[in-house]
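Reading the structure
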Amino acid sequence: MEVSSRLIYENGKPVGVQGVARDMTERNRAQEALRTYSQRLIEAQEAERQVIARELHDEVGQVLTAVAASTCNLSSIQRRAVRSHRLLMTVW
């Protein structure tokens, strides 16, 4: 319940009081619903951030694994090329 009042003046002298009482039940329910929905929205956003972070982490991990495998493969090719070059140089 919200109550407000004010004095009523006539010729500079208080002659009465005007008051208003307002039931705040519905307003309080609406504010609580807004808080609840806001909290649920924040939780949903955080859950979505976690999903995206996991997906990015997994994708980056896959790319790094592929790069590492390619690097190992390139190193192996380079070693074979060096051996082949040395072998050719001994033959000539």
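Look up a bit, the structure's there.
**What to know about the pattern of salt bridges**
One pass over the full model with this rule turns up 4 salt bridges. Of the charged contacts, one joins Glu2 and Arg22 as a salt bridge, the two residues approaching to 2.6 Å between their closest N and O atoms. Taken together, the positions of Glu2 in strand S1 (residues 2-10) and Arg22 in strand S2 (residues 13-22) put the pair 20 residues apart, joining distant regions of the chain. With relative accessibility at 35%, the residue Glu2 sits in the partly exposed group. Given the relative accessible area of 43%, Arg22 is considered partly exposed. A salt bridge links Glu26 to Arg29; the shortest N-O distance between them is 3.4 Å. With a gap of 3 residues between them, Glu26 and Arg29 both fall in helix H1 (residues 25-91), about one helical turn apart. Both residues of the pair, Glu26 and Arg29, count as exposed.

**Concerning the pairing of S1**
Remember that side chains alternate between the two faces of the sheet whenever the strand is regular. Where S1 and S2 come together, 9 bridges link them in antiparallel fashion. Of the residues in S2, the one forming a bridge with Ser5 is Gly19. Hairpin remark: S1 followed by S2, antiparallel, with 2 residues in the connecting loop; positive phi at Asn11, about 55 degrees.

Definitions and cut-offs
Residues numbered from 1 in each chain as written. Predicted model: local features only at pLDDT ≥ 70, side-chain atom pairs only at ≥ 80, totals over all residues. Heavy atoms only, no water. Salt bridge = Lys/Arg side-chain N within 4 Å of Asp/Glu carboxyl O. Helix = DSSP H or I, 4+ residues; strand = E, 2+ residues; numbered from the N terminus. Buried < 20%, exposed > 50% of the residue type's maximum accessible area, 1.4 Å probe, protein only. Pairing = 2+ DSSP bridges.

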